[in-house]
Every structure is written in C-alpha cells, then in structure tokens.
Amino acid sequence: MSLKHTVPEEPRAPSLVPPAVAALLSLLLPGLGQALARSLRRGLLLLFSFLTLGGLLAWRIRLAAPRDEGLVAITRKAFHLQPFLLFNAFLLLLLYLWIAWDAWQTARHAEGAPVGIFALVLIAFFAVGWQVGEIDPIRFVTQLDEAGPPLQRVLWPWERAIEHPQEVQIVSAPILSPCTGEPFEGGQPKEGEPYLLTEPTCGNPSQQDGTPGTTFTLRGFGLKPNSEAEIWWEDPIGNEFRQRQEGEYVTVQTDAQGNFEVQIVMPYRLLPPSAGEGPKIWTVEARQVVSTGQARASKELKLAVEKIIETIFIGMMATFFGILLALPVSFFAARNLMSASPFTLVIYYLTRAVLNIIRSIEPLIWAIIFVIVVGLGPFAGILALTVHSIAALGKLYSESIESIDPGPIEAIQATGANWVQTVRYAVVPQIVPPFVSFTIYRWDINIRMSTIIGFVGGGGIGFLLAQWIRLLDYRAAGIAVWFIAITVAILDYVSAEIRARFV
Amino acid sequence: MLEIRNLTKIYDDGTVALKNVSFTVPDGEFLVIIGLSGSGKSTLLRCINRLIDPTEGQILWNGVDLAQLEGEELRKVRRQIGMIFQHFNLVKRSSVLTNVLTGRLGYLPTWRSLTGRFPADDIQRAWQALERLGIADQAHKRADELSGGQQQRVGIARALMQDPKMILADEPVASLDPVLAHSILQRLESLNREDGITVLCSLHYLDLVQRYATRVIGLRQGELVYEGSREDIRQMTDAQFKEIYGEEAERIGAGGGITGSIQEDSVAGGAA
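Residues numbered from 1 in each chain as written. Chains lettered and ligands numbered in written order. Predicted model: local features only at pLDDT ≥ 70, side-chain atom pairs only at ≥ 80, totals over all residues. Heavy atoms only, no water.

Asker: Give a description of the sheet that holds strand 4 (residues 215-221) of chain A that names residues and reports values.
Answerer: The strands making up a sheet associate through hydrogen bonds between their backbones, and the pairing can be parallel or antiparallel. All names here are of chain A. An order of 3-4-10 is seen for the three strands of this open sheet, with the pairing classed as antiparallel. The sheet is open, and its two borders are formed by strand 3 (195-199) and strand 10 (260-265), each paired with just one other strand. Geometrically, the sheet is characterised by an average inter-axis angle of 25 degrees between neighbouring strands, direction not taken into account. The pairing of strand 4 with strand 10 spans six bridges and is antiparallel. Its bridge partner lying in strand 10, Thr217 is registered against Gln263. (Pairing = 2+ DSSP bridges. Helix = DSSP H or I, 4+ residues; strand = E, 2+ residues; numbered from the N terminus. Axes fitted to C-alpha atoms, helices over the stretch in contact; angles between N-to-C directions.)

Asker: Just give me the short version of the packing of aromatic side chains, but keep the residues and values in it.
Answerer: All names here are of chain A. Going through the model one piece at a time under the given rule, you end up with 15 aromatic pairs over all chains. Taking the centre distance of 6.4 Å and the plane angle of 50 degrees together, the rings of Phe126 and Trp130 count as tilted. Of this pair, Phe126 and Trp130 both sit in helix 6 (residues 116-132), separated by four residues, roughly a single helical turn. Between the aromatic rings of Phe320 and Phe321, the centroid separation amounts to 5.7 Å while the plane-to-plane angle is 55 degrees, which identifies the pairing as tilted. Given a relative accessible area of 46%, Phe320 falls into the partly exposed group. For Phe321, a relative accessible area of 34% translates into the label partly exposed. Cluster of aromatic residues (ring-pair linked, three or more members): Phe84, Phe87, Phe126 and Trp130. The lysine or arginine in question, Arg242, covers the ring of Tyr249, its NZ or CZ lying 4.3 Å from the ring centre. For the cation-ring pair, Arg269 lies above Phe241, with the distance from its terminal atom to the ring centre recorded as 4.0 Å. (Phe/Tyr/Trp six-rings, centres within 6.5 Å; stacked < 30°, edge-to-face > 60°. Buried < 20%, exposed > 50% of the residue type's maximum accessible area, 1.4 Å probe, protein only. Lys NZ or Arg CZ within 6 Å of the ring centre and 35° of its normal.)

Asker: Which residues make up the sheet that holds strand 9 (residues 215-220) of chain B, and what values do they have?
Answerer: All names here are of chain B. Strand order in the open sheet formed by six strands is 6-7-8-3-9-10, and the pairing between neighbours is mixed. Edge positions in the sheet fall to strand 6 (81-84) and strand 10 (223-229), since each of these pairs with one other strand and no more. The sheet shows a mean angle of 15 degrees between the axes of neighbouring strands, taken without regard to direction. For strand 7 (residues 166-169) and strand 8 (residues 198-202), the ladder comprises four bridges, and the chain directions are parallel. By the bridge assignment for strand 8, Ala169 is matched with Cys201.

Asker: For the pattern of salt bridges, give the residues involved together with the corresponding values.
Answerer: With the rule as written, the count across this model stands at 32 salt bridges over all chains. The partner of Asp195 of chain B in a salt bridge is Arg132 of chain B, and the shortest N-O contact between them spans 3.0 Å. Of the two residues, Asp195 of chain B is situated in the loop between helix 7 (178-194) and strand 8 and Arg132 of chain B in helix 5 (residues 120-132); the sequence distance between them amounts to 63 residues. Relative accessible area serves as the criterion here: at 34%, Arg132 of chain B is assigned to the partly exposed category. When the shortest N-O distance is used, the salt bridge between Arg215 of chain B and Glu227 of chain B registers 3.4 Å. Within this pair, whereas Arg215 of chain B is found in strand 9, its partner Glu227 of chain B is found in strand 10, the two being separated by twelve residues in sequence. Given a relative accessible area of 40%, Glu227 of chain B falls into the partly exposed group. Each of Arg160, Glu300 and Asp473 of chain A takes part in one network of salt bridges that share partners. (Salt bridge = Lys/Arg side-chain N within 4 Å of Asp/Glu carboxyl O.)

Structural data, given as structure tokens:
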C-alpha cells in the first residue's frame, strides 16, 4: 500500500475541505480528513492502523495490571511495571498528531502525499511486537552464565555414558515393635560372618506428632574395615528406606576391625491398616559397597542407542510407505497428465487441494492425532511421518512429472519406437533422477523429524530427550542430543553425496 | 518418391495449420521449406512421419499412403524416416552413446530394449556414426554437457542409426550460430549426396537456402505459395525472398562467404 504512494499518481481532484478543516477532522477521527481530501484509501489505512495499534496498546496495558480497577489506576500500574508501554503510548500519540498533520498536507497538495507516516505506523507496530514478544536482550546476556553448568553437561555428557556395577553387602538385625514384655532375640553373633547387634531388641517408632521413638545402640562386627556403611530400615510391609537423623542420612565409618557403633532413633513410618494390628518385625540394616566392578555402558547409553536405532527405522519406514503411496498420487497431481478432460482435471484439483491441506499440518500434529488412534510408540510416529511424506513427495513427484521435456518423447517416437520403449527411453530417464533426489531428501527430513516426533509420544529418541529434560537430567539429555546430532550429520552427508550423483 | 496430395491439418482448437498442400519430392532431393513461424512448416514435417495426424489428404511414399498407417506398420515406416529437431530433443541426462543408440529402437524387440542393453552390432554402428560426425570422443558424456552444435550432431547420428531413406529436419540450425549452421547443413548435404537420403528441411535464412537447397517450397498461413528449382532460388533477390517469406527474412553472412571454409572441429572444440 505504502509503496503505491511513492510512484507519482494522477493528480487528484481538489480536496472537499480546506486543509485546516481536514486536520481538525482527522483529530476527531484519524483518517477522516484524508478521506474528505479525496484520499479515501489513505484515510482508511491510517484509521485501521490507528485503531489496531490503540486496541493492542489497551490490551497490553490491561494485561500488565490485571488486578487493578479504574482506568487511571490500571494505566499508572502498567506504566510503572512495564515502562516500555510508555514508549508505545508515545508512538501512538505521535501517530495521532501526525495523522492530523498528514490530513492538512493531503488536503493542500493534490499530488502524492509523503509516505513518512507509514514508516511511523511500521515502527509503532514493531514496538508493540517488541513488547508482546517480551524481548529482553539484557536478561539474555545476564542469565547466560547461569545456563553454563547445565549446558556444559549437555555439551559433554559422557560421564553418564558409563557406570560401575557395585556389589552391596547387607547385614541386618530384626527388631520387634512394639515391645510385648517377653524377651525378643534380635541380632545374634555369628562366626566368620559380619553381624549386627541392637540394644534393646524391641521398641517403638517415632510418632507423627514428633515424639521420638526408642533409641537403639547399633553395633556392627566384622564388616569391611575402614569404609562407610549406610543405615537402612525395612518396615513390616517390606518398604526399604534410609535412616535419617536431623535431616541427614546416617552414614557410619567402620574401624580397622570392621566394627562400628552408632545411636539411632527408630524413625516414623505410617503403616497402612492392611498391615494389621499387634507386634511386628522390623529390620535394621547396615549396607556397604564391598566391591566395584568393571566400567560398562550405562542404562542411559543403552537406552539412547536403542532409541536412536528405533528413530532411524521410524524415518526409514515412513519414507518407504511414503514413496509407495506418493507414486500413484503424484500421477493424479500432475497437470500435464490430468488436463485431458474436465473429469480428470477435477481429480487433479482435488488431489492438489488434499495434498496441500495435509502438507500444511506439521508432522508433530499428525503424531498427536495418531497417538490418539494407535497409542504411544513408534507406529504413531511412522504413521505421522508417512502422511506428511505422501503429501510432500506427491507434490515434488508431480512437479517433476509436469516438468518433463516433451521433446525427447517426440524424438524417440519418431525413431519408430513403441509406447513401452518411448516410456523407457524418453520418460524414465527424465523422471528417475528427480525422484531419487527428492526421495533421499525426504528420507533425510523424515529421520530429522523422527528425532523429535517422540516429544509427543511418537516413539524414537525424542521421547527420551523430552523425559530427561523434564527430569533435569542434562547429562542423559546430552547423550540423546549427541546421538541426534551425529545421526543427522551422517545422514546429511550421505544424502548429499547420493543426490550429487543422481542430479 | 514422396507425394503429398491435398494435405490439410486442422487442430482441435480450430487452427488451420495446413490448407490443401500438394507437392512431390523425387528421391535424393534436398528440399527446403521456407515460411514464417507458424506458417505450417513444423506441422507439415510432423504429418509426414505422423507425429501429427493429418485431418485430410494423402502422403504417398513409394506408393504407400502414410496417412492411413497405424500401429506396427506405422512404426516400421517411421524407422526409415529420420528426424532432426530445432532443440535437438536429446534425452539430456542420458549419455551421448545411449542417445544415438535410441535410433535403433524401431528395429529392436520390446523386451530386448527394456534392459537398456543394445546388441553389439548396434553399438558398433553407433560408434561409426559418432566417428562420422566427429564426436566419438564425447560418447560417454551426458548429452547436456555438449555444445549446441555437438548436440545437433548427436541428433543427426541418432537419425543415421535408423538407416533412413528420408530425413526430416525441423529448423535444424535455428538455435545455432551461423558458423555451426553451415557445419550442420554440410553434414546433411553429405548424407544427401553420398548416401542418397532425401532431405526435407525447413530453414530461415536466404543464403543457407541458396547454398543447400535443390528445391524450395514456400508456405504462408498453411498454404503452398511458392515452388522453385535450384536455379530459381539462386536467381532470387532479397526482395523476392521477402515477398514470399515475409519481412523477417535476412541474410546471415555477407553473401554466404563463410561457407565451409572453417574447420568444424576447431569450432566445436572451442564451443565445448
């Protein structure tokens, strides 16, 4: 619109109102002056720009002070909280005054009016966009260093890729709760084996109201010398948990003989009614890591490998099904094949329309739809990517069919070749290279897409990545990111190589 | 002997491309067809080998009416008629050798040609054709890597593979520069003189017409408006030429002085 005003126009008929009146009218209703100065389009454009900008500003002000009442209070609060809104308001005011001045100018000169005002409209929209987008370069710079540690973990996650298996020795002693008055045999000394003794051998757990439970003296004998041991409990229904004292986990150090002694308070534990009434047996344990095995691939690494393989196959299967279905569809979507009769032309337009609609919906949305249909997992991802591939490949294939050069077909026919020979020597050589090229390109895209299709439950490594990011396990997420990057890079290279050879 | 009788072609959209055209071409002639763009030259040539079906009339070639042929019979006749195109119509992504070999398709059974492997005889023949046209060293290049003049020579080699008795050339030099134009037409002339192949060729430039034609016919809006012998055309002035041909006509060199004196291979080498 604004460009049109840069070209010299036909001189307009003289203004209906004098310049001063035009300016005044534009103050009353922005753009009215221009309209009466026989520049209706300019007036309408300015009016709509002004109203849109005003509406946007009002919305942002209300949004900045949602709990206040009254125009003045809202505005004051909004400007106080978001000073940038002041700048927006200033631009709007400037525009308001400029429109009036512009009306005066427009009414005075019959030739094309200056376009500076449209630059101001653009700037005002840009400023609103800046505020709506909450653009804050300062925050970006100041918070960058806080992002350092997690990002470092993502960048070099390999500590998480290996783990050492540990053998844990558990030494335990039973405890009766509550005491029944009869003597209870707790832990007993054993010959040649580590053992645990408690004093007393029965007691009460801590209460919910904070009443401390029985204090036990726990003594261990014959454990691994000079090393740490953790104190654990197993309640009567089999739940295991660590002993805490003053908020800290209790860890003891064994002496040179492998003995230790520690005072512990029996912890609070809510037992369900199904546990039954009456005295029950608890178990107190000392746990020690007695040996550390060879380094081996961690669970995360194994999962990532499994899922990246799944990812690649999701992309592959989707491409395969995509090709199978896109091939027939592409013939219906090629204008040069379908323009023979009105009936085929209708099929052509229908096919094109359906392909365009399918293609305009992102694979992620398709994945959500198919997760509803077939449930979580790779099949949903394959379906989503297949549907999108059919649309994309159908379009690309049909366009390469449309761009066939009819010359060679004519020339091969002229040699006395029959229909089959003509297709073989004039059509196929023209179609195959673009088909191969587009297919490999699509395969490339599908594998890239399959890495994130898991974000919505479509299987593949994206599922792990999303999960690890939400668990703030940045090292594990880093492993997934690395796998994705390596796969995509290799694939990019391979597909570029193959395509270079075919086209 | 080719005899065209009352040939008429009306396209589906009602355009009358040829109106009652009749003429005869004795064997061994180099017949040049002149006329404006859209005067029906291409339609006429394509009617002869039935790339376009004529609406009415007869095309008698050695006593057989080509206009009536269908299917297998038509293809058997087609393979004896080579065709050369303004835009060469090579399969760009195939090799030069493959393009030349497609000239043999009319002689091959379908199953044999599907594999893309041609008989050793035909490959031998293709090399000879390439040799004869001076492009044997380009045989394994993709067709679109060649210069325009070389591509047209591939086109001629393809036609030659058909063992043609007649060659139809549809403005074979219109996309080439004047020097290459002479080079290509000399090839056709040599096929015409040495092998006795009848040539029907549409051309635009008076000096090329004067230099190569043994007979000339002129078309205007689908009607035959001129028929002349070699002598007639030699004596023709520019003004007469323009009268039949239209204002577009022009000479390309000063009196055709550059004819044949330039080494083709150096030209082709420079263009490649």
